[in-house]
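Residue-level structure breakdown
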Amino acid sequence: MKRLLLLAFCSVCLHAMKGQGTRLALAPTPPMGWMTWNQFQGNISEQLIRETADLMVSEGYRDAGYEYIFIDDCWQGGRDNHNNIIPDPDKFPNGMKALADYVHSKGLKLGIYSDAAQLTCAGYTASLGFEEQDARTFAQWGIDYLKYDYCGAPNDSATAHRRYSTMADALAKSGRSIVLGICEWGQHNAEVWAPEAGGSVFRTSGDVRDMWKDVTRQGGMGILDIINITVPLQPFARKGCWFDMDMLVCGLYGKGGPSSDLGGVGCTDTEYQTQMSLWAMMASPLAMSHDLRQTNDRTREILLNKEIIDIDQDPLGQVAERRILTDEMQVFVRPLSEGRYAVAVLNTSDNVLPVRLDFASLGLTARYTLRDVWLHKDVKKNARQWQGTVERHETKVFVLQKS
Ligand code: GAL
């Protein structure tokens, strides 16, 4: 009996370890790339994807780590008479295989989108009941990532867990390594079951809007709203199953598309910089979403800041903890590789904030060399504290290295 129990226990452990191993192999660090939805919604085409792929390379995004192009909803053209899912022939006249080949030839990867019901959120053909067939189709096309949405599916967590596991299993059998992105908007306890279900990332909130916070109270999610929803999930953080805080809105400036709904009037560059900072502190995927053909210098500078990207992608894979929370300020600490720490100081108030931060109050008791990753310079040596001002909605990010 004991032996039987032991055997059963070992097989559960092995299963869990296998799950963990696979996930880690699929997304050892948070996936980075560019996603169609926020700016383009249904206005997508193979030409847009090709042009974006070209820009990802020529503008240095690929080399900075942005490796995926994620095609979101509205690419589908129904099913053929063998029930194989097909792309819209007007938007993708050469088919997905040719497009994936092109994207791969640029040293990039291709993501696609489906939903765990019969129809997607935008009303297109989805994968419920066709999981294995669709996974095989995606594999044949050369797809590397699947964002799997949850519109039109039952509201209980057990069903959500099951439907995502079914798709993860289908992908695992598809013959190709395909990352699974869970998108149930933080509404069905994915923080508990996502790793076991085979997800490599899971969304923690409703859709990001291009705004600082939901001042108009229409229920949309601004940058600060998503920070405040995601940070308390920290105890559930698992390397290889990342908190997906949704797309970066940097560079959108309220220009339209779904991210401009529900009060998405646009943000200041300082606020976009805060989004980049906190998404990196929380090890979120970094998915740009503005039109890469129209990028100004400030947007480029924010999105291509190698030092902040390095925090996001740090190989230790830890997630920041919020150590200070007041009405005006939040301070986060993220342990990094090589014994370093990232410390972020966020001013949530509408005024400039003078700050004196004793590192000991964060549990960091040594003396440190302080690198300001937005200024790209060491600002202090042998420091036990930092003193300075933080602009309205700004985030200062420092890397602390023991002196
Ligand atoms: C939402 C999802 C968005 C986008 C959209 C497409 O459910 O959260 O990120 O994918 O569906 O219809």
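Just above, that's the structure.
In this report, the structure presented in the accompanying data block is examined. Remember, it's a predicted structure, so these values are computed and weren't measured experimentally. Numbers given for residues are sequential positions, taken from 1 along each chain in its written order. The predicted nature of this model means local features are confined to residues of pLDDT at least 70 and side-chain atom pairs, given and counted, to a pLDDT of 80 or more, with totals for whole chains, interfaces and linings taken over all residues. Computation of side-chain values: all heavy atoms of the structure, hydrogens and water removed.

**Observations concerning the packing of helix H6 (residues 131-141) against helix H7 (residues 157-172)**
In plain terms, the rule: The angle between two axes is taken between their N-to-C directions and runs from 0 to 180 degrees, where each axis is a line fitted to C-alpha atoms and a helix contributes only its stretch in contact. In this description a helix means any DSSP run of H or I spanning at least four residues, a strand means any run of E spanning at least two, and both kinds are numbered starting from the N terminus. Note that the term roughly parallel is reserved for angles under 35 degrees, roughly antiparallel for angles over 145, roughly perpendicular for angles of 65 to 115, and oblique for everything else. In a left-handed crossing the near helix is turned counterclockwise from the far helix by less than a right angle, and in a right-handed crossing that turn is clockwise. Here, residues are in contact when the closest pair of their heavy atoms is within 4.5 Å.
Interaxial distance between H6 and H7 falls to 8 Å at its minimum, and their mutual angle equals 45°. Accordingly, the angle class assigned to the pair H6 and H7 is oblique. You can see that H6 and H7 cross each other, and the crossing is right-handed. Only Thr166, Met167, Ala170 and Leu171 of H7 make contact with H6, whose side of the interface consists of Glu131, Glu132 and Ala135.

**A few points about empty space enclosed by the protein**
How we decide: Method remark: on a 1 Å grid restricted to protein atoms, a set of points is classed as a cavity if a 1.4 Å probe fits but cannot get out and as a pocket if it is open with protein on both sides within 12 Å along at least five of seven lines; lining residues have an atom within 4 Å of a point. Grid points are joined across faces, edges and corners, and a volume is the space filled by probe spheres set on the points. Ten residues, namely Ala, Val, Leu, Ile, Met, Phe, Trp, Tyr, Cys and Pro, are considered nonpolar, four, namely Asp, Glu, Lys and Arg, are considered charged, and the remaining ones, Gly among them, are considered polar.
Evaluation of the coordinates by the stated rule reveals two cavities of 30 Å³ or more. If you add up the space inside the largest cavity, you get close to 80 Å³. Lining of the largest cavity is provided by Met35, Phe70, Tyr145, Lys147, Arg203, Asp244, Asp246, Met247, Pro285 and Ala287. Classifying every residue of the lining of the largest cavity gives six nonpolar, no polar and four charged. One number sums up the size of the second largest cavity: a volume of about 30 Å³. Lining the second largest cavity are Met35, Tyr145, Lys147, Gly181, Ile182, Val201, Arg203 and Asp244. Of all the elements in the fold, those that place two or more residues in the lining of the second largest cavity are strand S6 (145-149), strand S7 (179-183) and strand S8 (201-203).

**A closer look at the sheet that holds strand S16 (residues 377-383)**
Pairing between the strands of a sheet is mediated by backbone hydrogen bonds and can be parallel or antiparallel. Put simply, the test is: For two strands to pair, DSSP has to find at least two bridges joining them.
One open sheet accounts for six strands, arranged S11-S12-S13-S18-S15-S16; its pairing is antiparallel. Two strands close off the open sheet at either side, each with one partner strand: strand S11 (321-325) and S16. For this sheet, the mean inter-axis angle between neighbouring strands, taken without regard to orientation, is 25°. Pairing between strand S13 (residues 341-347) and strand S18 (residues 395-402): six bridges, direction antiparallel. The residue of S18 that forms the bridge with Val343 is Phe398. Running over the sheet, helix H9 (residues 223-230) touches S11, strand S12 (329-335) and S13 and is turned about 55° from S12. Sitting on the sheet, helix H10 (residues 269-281) is in contact with S12, S13 and S18, with an inclination near 40° to S18.

**Quick word on the packing of H7 against helix H8 (residues 190-197)**
Two quantities define a packed helix pair, namely the angle between the helix axes and the distance between the axes. One can describe the packing of H7 onto H8 by two numbers: an axis separation of 9 Å at closest approach and a directional angle of 25°. Classified by the interaxial angle, the pair formed by H7 and H8 is roughly parallel. Between H7 and H8 lies a crossing of right-handed hand. Listed contacts from H8 to Ser157, Ala160, His161, Tyr164, Ser165 and Ala168 of H7 are Trp193, Glu196 and Ala197. For the contact of H7 with H8, the residue count by class is five nonpolar, three polar and one charged.

**A word on the site of the ligand**
The criterion, for reference: Proximity criterion: a residue is near a molecule or strand once any of its heavy atoms comes within 4 Å of it. Pairs of N or O atoms are called polar contacts if they sit within 3.5 Å, as long as, within protein, a hydrogen donor faces a hydrogen acceptor (for residues adjacent in sequence, only side-chain-to-side-chain pairs). Residue-level accessible areas treat just the shown protein chains as cover; the underlying method is Shrake-Rupley with a 1.4 Å probe.
In the vicinity of the ligand there are 13 residues, among which Asp72, Asp73, Lys147, Asp149 and Asp207 approach most closely. A distance of 2.6 Å separates an oxygen atom of the ligand from a polar atom in the side chain of Asp72. Considered on its own, the ligand offers 310 Å² of accessible surface; in the complex 96% of this is hidden by protein.

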